[in-house]
Amino acid sequence: MSQERSYDRSMELYRRAIEVIAGGSQTNSKRPTAYALGAFPIYAQDAEGARVQDVDGNWYVDYILGLGPITLGYCYPEVDQAIREQLEHGIIYGLLSPREVEVAEAVCEMVPCAEMVRFLKGGAEATTAAARIARKYTGREVILNCGYRGWADGWAAQNTGMEGGVPNCLRGVIDGFARNDLDSLEAKLEEYEGRVAMVSIDPATGGEEVPDGFHQGVRDLCDKHGALLMYDEIVTGFRMAPGGGQEYFGVTPDLACFAKGIANGMPCGVVCGSQEVMKTAIDDVIISVTYGGEALSLAAAAAVMRIIRDEPVIDHLWSTGARLMQGFEELGEKHGVPLKCHGYAPMSSQTIDYEDAELSRDAWTLLLQEMATRGVLLRRGGLLFITYSHGDEEVEQTLSALDESLAVIAEAVDEGTVKDLLRVTEVQESFRSFT
Ligand SMILES: Cc1ncc(COP(=O)(O)O)c(C=O)c1O
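For clarity, every value in this text was computed on a predicted model and none was experimentally measured.

Caption draft 1: Region of the structure containing the sheet that holds strand 3 (residues 59-62). Reading across from one edge, 1-2-3-13 is the order of the four strands in this open sheet, with mixed pairing throughout. Since the sheet does not close on itself, it has two edges, and those belong to strand 1 (44-48) and strand 13 (376-377), each with one partner. Direction of pairing for strand 3 relative to strand 13: parallel, over a ladder of two bridges. Counterpart to D62 in the pairing with strand 13 is L377.

Written out as structure tokens, the structure is:
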């Protein structure tokens, strides 16, 4: 099944891109250097269902899926039809769109904590709005956060290693605590007693399963200390359950944010919560974006929620993810490669853990390269996203590609030739002058 693939057009475009796009891409996690530059596709030109085609004409079964937004599949007919129909009637107006009401009602029906919503355009906008609402509602300033919430100043101030350009003064109003650790959260709530507006967490990450009782414990601690609880459901939403992680774990936060899974790739962010809390966003608070009511994305969101409600989408994500996790672990064992899967089946993560960290890193790069050669796109470490369009054929192709790729890795590790097999290329920016 291995097939030499050319990435020449991708590489040519990327060489042009790094001269005119700072960092080469619009999303840090999509930077080609994070994959296997030179031995992995870079630019896509087409996609359908579970598959994507690169600009060199190669097709792949895709598990990167825009980093999570594609939940039903690329070019999903009913969603695309909904977008097309709306397009006939305009994209955005000075007047409001009835879609705003339709989608708001659908979110309130589907998501346990949602009694009122606001629409924005992406994850960082939604989480930033949630922080503002929580601060206004409680009259407090500090946010205790565990996890990535987007690129905005207020989140990047949290010692993320990405604080360049972020005002120092913000550091006093955001702090972290250890993942899945109630003692760590309680200690921080006590340290900032009476000052914490909001505790924000992901209901689940790909990395590990949440300990029993953790979510109820966080809810109780927030109530005890008068802080609002916000779930960032940007990855878990419309993926773990129709109503997200809060439905799956049975604990209701005060606020929640959604983005990736809600519109099958169209840009739509949501902050939602109880009426009492959300009404804070009406007066004397600025949460206002030109494109929040943009109707193409809302038409897509309405279609996505209808399909999730009426069809076994979520069951499919769980069962297909579980087959892949089991297959990955069995094939890892078969070849003696320490490949493990973690977390939850619709969005699991993977590790390759040799004792030597450099070997683990190189083995990952080789895995990305070998899987791409065999027509499957993985992301280093996961998350292994699944869509409703990943069927038996895609699962079989993936596991067969993995079987062959792990055989290559096992032999290379035995013979000490992992680095020799990497076809990865260095690409230098030349900082061309436009004067
Ligand atoms: C959990 C989580 N929150 C927030 C964000 C930020 O979303 P966006 O990139 O749409 O601003 C992301 C993006 O990866 C995310 O995974």
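Caption draft 2: Layout of helix 12 (residues 357-373). Counted at 1.5 Å a residue, the expected span for helix 12 with its 17 residues is 24 Å, and the 24 Å between its end C-alpha atoms agrees. Extensive coverage of helix 12 is indicated by the burial of twelve of its 17 residues. On its buried face, helix 12 sits against strand 3, strand 12 (347-352), strand 13, helix 13 (392-415) and helix 14 (418-421). In the segment just after helix 12, G375 is the residue with positive phi, at about 85°.

Caption draft 3: View of the pairing of strand 1. Here strand 1 pairs with strand 2 (residues 51-54) via four bridges, running antiparallel. The partner of A44 across the bridge, within strand 2, is D54. Counting the residues between successive antiparallel strands, the hairpin from strand 1 to strand 2 contains two residues, one of them, G49, with a positive phi of roughly 60°.

Caption draft 4: Inspection of the site of the ligand at higher detail. In the vicinity of the ligand there are 13 residues, among which G122, G123, A124, G150 and I234 approach most closely. Tallying contributions element by element places helix 4 (residues 123-138) first for the shell around the ligand, with three residues.

Caption draft 5: A look at the domain arrangement of the chain. According to the domain assignment, the chain consists of domain 1 (8-74 + 312-421) and domain 2 (92-293). Between domain 1 and domain 2, the C-alpha centre-to-centre distance is 29 Å. Listed as interface residues are 17 residues of domain 1 and, on the opposing side, 16 residues of domain 2. With three residues, the top contributor of residues to the side of domain 1 that touches domain 2 is strand 12. Tallied by class, the residues present in the side of domain 1 that touches domain 2 amount to nine nonpolar, eight polar and no charged.

Caption draft 6: Fine view of the pairing of strand 5 (residues 142-146). By the criterion of burial, strand 5 is predominantly enclosed, with five of the five residues buried. Of the two faces of strand 5, the one carrying V142, L144 and C146 and the one carrying I143 and N145 are both buried. Direction of pairing for strand 5 relative to strand 7 (residues 196-201): parallel, over a ladder of five bridges. The residue bridging C146 from the neighbouring strand is I201, located in strand 7. By the bridge criterion, three bridges tie strand 5 to strand 6 (residues 174-176) in an arrangement that is parallel. Bridging from a neighbouring strand, I143 pairs with I174 of strand 6.

Caption draft 7: A look at unusual backbone geometry. The peptide bond linking G382 to L383 adopts the cis configuration, its omega dihedral lying at 0°. Checked against the element boundaries, L383 lands in strand 14 (residues 382-385). Positive phi, normally seen in glycine, also occurs at L65, with a value near 55°. Along the chain, L65 falls in the loop between strand 3 and helix 2 (77-87). Judged by the 25 C-beta atoms lying within 10 Å of it, L65 is buried.

Caption draft 8: Spotlight on the sheet that holds strand 11 (residues 339-342). The strand order across the open sheet formed by three strands is 11-12-14, and the pairing between neighbours is antiparallel. Every interior strand has two partners, whereas the edge strands, strand 11 and strand 14, have only one. Across the sheet, the mean angle from the axis of one strand to that of its neighbour is 35°, orientation sign disregarded. Taken strand by strand, helix 11 (residues 313-335) contacts strand 11, strand 12 and strand 14, and its axis lies near 155° from that of strand 11.

Caption draft 9: Summary view of the packing of helix 11 against helix 13. Running from N to C, helix 11 and helix 13 point in directions that differ by 25°, and their axes come no closer than 10 Å. With respect to their mutual orientation, helix 11 and helix 13 come out roughly parallel. The handedness of the crossing between helix 11 and helix 13 comes out as right-handed. Of the residues in helix 13, those in contact with T320, R323, L324, G327, F328, L331, G332 and H335 of helix 11 are V395, T398, L399, L402, D403, L406, A407 and A410.

Caption draft 10: Expanded view of helix 7 (residues 214-225). With twelve residues, helix 7 should reach 16 Å at 1.5 Å per residue; the first-to-last C-alpha distance of 17 Å fits that figure. Along its buried surface, helix 7 packs onto helix 6 (182-191), strand 7, strand 8 (228-232) and helix 8 (244-249). Just downstream of helix 7, G226 is the residue with a positive phi angle, here 70°.

Caption draft 11: Local environment of the environment of L421. With respect to the element layout, L421 can be found in helix 14. C-beta crowding within 10 Å serves as the criterion here: with 17 such atoms nearby, L421 is assigned to the partly exposed category. Excluding residues that lie within four positions of it along the chain, L421 makes contacts with L366 and A412.

Criteria and cut-off values
- Residues numbered from 1 in each chain as written.
- Predicted model: local features only at pLDDT ≥ 70, side-chain atom pairs only at ≥ 80, totals over all residues.
- Pairing = 2+ DSSP bridges.
- Helix = DSSP H or I, 4+ residues; strand = E, 2+ residues; numbered from the N terminus.
- Expected span 1.5 Å × (residues − 1).
- Buried ≥ 20, exposed ≤ 12 C-beta atoms within 10 Å, placed from the backbone.
- Contact = placed C-beta atoms within 7 Å.
- Near = placed C-beta within 6 Å.
- Domains from an automatic or database assignment.
- Nonpolar A, V, L, I, M, F, W, Y, C, P; charged D, E, K, R; others polar.
- Axes fitted to C-alpha atoms, helices over the stretch in contact; angles between N-to-C directions.
- Parallel < 35°, antiparallel > 145°, perpendicular 65-115°, else oblique.
- Left-handed = near helix turned anticlockwise from the far one by under 90°.

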